[in-house]
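# Summary of the model geometry
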Amino acid sequence: MAESVDTIVIGAGQAGLATSWHLSERGVEHLILERADTVGSSWRDRRWDSFCLVTPNWMIDLPGFAYDGGEPDGFMPKDEVVAYLQRYASAIDAPIRFGTEVRRLAREGDGFQVTTGSGRIRARNVVVAAGSYGRSKRPPFAAALPDDITRMDPSEYRSPDALPPGPVLVVGSGQSGTQIAEELYQSGREVFMATGTAGRVPRRHAGRDVLRWLEMAAEAGAGPFADTADTLDPEELREERHAAKHHVSGRDGGHDLNLHRFARDGVHLFGHLEGVQDGTLRFARDLHENLRYADQVAVEIRSNLNGLIEKAGIDVTPEDPEVELELQDGFDQPQREALDLRDAGIRTVIWATGFWMDFDRWIDLPVFDGDGYPRQHRGVTDHPGLYFVGLYWMYSFASDLLYGVGEDAGHVADHLADRNA
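Heads up: these notes are all about the structure in this document. As the structure is a computational prediction, the values presented were derived from the model and not from experiment. (Residues numbered from 1 in each chain as written. Predicted model: local features only at pLDDT ≥ 70, side-chain atom pairs only at ≥ 80, totals over all residues. Heavy atoms only, no water.)

This brings us to a negative patch on the surface. A surface patch of negative charge is lined by Asp 233, Glu 235, Glu 236, Glu 239 and Glu 240. Counting through the fold element by element, Asp 233 comes out in the loop between α5 (210-219) and α6 (234-242). (Patch = residues over 30% accessible without salt bridge, like charges linked within 9 Å, V, L, I, M, F, W, Y side chains within 5 Å. Areas by Shrake-Rupley, 256 points an atom, 1.4 Å probe, with all protein chains shown as cover. Salt bridge = Lys/Arg side-chain N within 4 Å of Asp/Glu carboxyl O. Lys, Arg positive; Asp, Glu negative; His and termini not counted. Charge placed at Lys NZ, Arg CZ, Asp CG, Glu CD. Helix = DSSP H or I, 4+ residues; strand = E, 2+ residues; numbered from the N terminus.)

Quick look at the structure:
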């Protein structure tokens, strides 16, 4: 006979724990199922050794457990993030069953059947809090790499010393790709990078971390923190969900990442990688276009923040957006269309081309759109009792962040509690 629980929460990361806090506050019986042996396993297992948050510590704001340490403007390394989540789980007495992988979720009567590696559980409600990044978005031609090339995703990368000797190709210039490339070349590796259309964000502006300014902008009803799924049209929302994350770093106290600086420091830059054939890489001639795009994003961010500062009458010295254009070294590199892996000595390729959801692999319900993204509104689906929490751009820019996941979890918990009433 299957076990019966009122509400199952799948995943014991920040989204699952925030949901648990809200459900407990509302007196909803629930059980968290976690496939790993600890909370926050994706932080532990899917980030490289030197990984740090790119959001400042003051943005760690899970319900009932906001950051209260001595470095609010610092950037917590991954091991401390895991420790924070473990303390949170203990503080809220989260009801977690570890080592329990959910293999199938399906409708059963007016509830759901959750099939795990150790049996079946029947639930009236299910909250999927398993994260947005289950499946690598490697291009189909990735399989054409020569067999003697080591290939990996950022979730598999650990450190420069863990790689085979020799030059490294990083494919993708989003947040992960640029952070890894910087670590590699600063360790003495020769680095080749295939760029894409990822913007960059200044780490600081007018004496403050740029995210402080964006929070202030949101309070004034402007900027990306103020946007929601309700304020964007469907195509804009889809673009946000698929866009590469801006490159910026939280390491060493937080700093800018700039492809022009990479070029000055010896990184070989290329345009989009379009294909692989017989050990030769084929690139688009769009390197300079990609560099201009990244520059323009940074210029627009500074210009918009200066407008906010002026409008709010804040007494600081604005910064000149044109300062973002002082570095031009990337434009000195030629637009190369081909590279022979063996001639370049490349032994390792890191596919920093993004991740996507793999819910359709185990959720046996017609709840996904054509991109595989769950159809929902702020976590509430059209299937009574089925909810999602912690998805990238589920309702806002912060929906999957330690900063904003709690608000969406509260909305879901309210809806679920009303359903149970």
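What follows continues from the structure just given.
Core analysis: the largest hydrophobic core is formed by 58 residues, its most contacted members being Leu 17, Leu 85, Leu 184 and Leu 402. Mapped onto this core, the elements with two or more residues apiece are α1 (14-25), α3 (78-91), β11 (168-171), α4 (175-186), β12 (191-194), α7 (259-264), α8 (287-312) and α10 (405-420). Not counting chain neighbours up to four residues away, the residues in contact with Leu 17 comprise Ala 12, Ile 32, Val 39, Leu 85, Tyr 88, Ala 89, Ile 92, Ala 94 and Ile 96. If you look at the next biggest cluster of nonpolar residues, it comprises 26 residues, including Val 102, Ala 123, Val 126 and Phe 359. (Core = buried A, V, L, I, M, F, W, Y, C linked by side-chain atoms within 4.5 Å. Buried < 20%, exposed > 50% of the residue type's maximum accessible area, 1.4 Å probe, protein only. Contact = heavy atoms within 4.5 Å.)

Moving on, we get to the sheet that holds strand β19 (residues 348-351). On the basis of which strands lie adjacent, the open sheet formed by five strands has the order β10-β19-β11-β12-β15 and parallel pairing. Looking at strand neighbours, the two that pair on one side only are β10 (150-152) and β15 (268-270), the edges of this open sheet. On average, each strand axis in the sheet is tilted by 15° relative to the strand beside it, whichever way the strands run. When β11 meets β12, the two strands line up parallel, connected through four bridges. If you follow Val 170 over to β12, its bridge partner there is Met 193. α4 contacts β11, β12 and β19 of the sheet and is inclined by roughly 165° relative to β12. (Pairing = 2+ DSSP bridges. Axes fitted to C-alpha atoms, helices over the stretch in contact; angles between N-to-C directions.)

Within the secondary structure, Gly 354 sits in the loop between β19 and β20 (355-356). With 110 residues separating them along the chain, Gly 354 and Ala 244 place their C-alpha atoms 7.5 Å apart. Residues contacting Gly 354, with those up to four places away along its chain left out, are Arg 135, Ser 136 and Lys 137.

Turning next to the layout of surface pockets. Considering only enclosed or pocket space, the second largest pocket measures out at about 350 Å³ in volume. Lining of the second largest pocket is provided by 21 residues; of these, Ser 396, Ala 398, Tyr 403, Gly 404 and Glu 407 occupy positions nearest its centre. Of all the elements in the fold, those that place two or more residues in the lining of the second largest pocket are β3 (61-62), α5 and α10. A breakdown of the residues in the lining of the second largest pocket according to their chemical character gives nine nonpolar, five polar and seven charged. (1 Å grid on protein atoms, 1.4 Å probe; cavity = no way out; pocket = protein on both sides within 12 Å on 5 of 7 lines; lining within 4 Å. Points joined across faces, edges and corners; volume = space filled by probe spheres on them. Nonpolar A, V, L, I, M, F, W, Y, C, P; charged D, E, K, R; others polar.)

Here we come to the pairing of strand β17 (residues 280-283). With four bridges connecting them, strand β16 (residues 273-277) and β17 associate as antiparallel partners. In the strand pairing of β17, Val 276 is matched with Leu 281. Where β16 folds back onto β17 in an antiparallel hairpin, the turn is made up of two residues, including Asp 278, whose phi is positive at roughly 55°. Both β17 and strand β18 (residues 338-340) contribute to a ladder of three bridges, which runs antiparallel.

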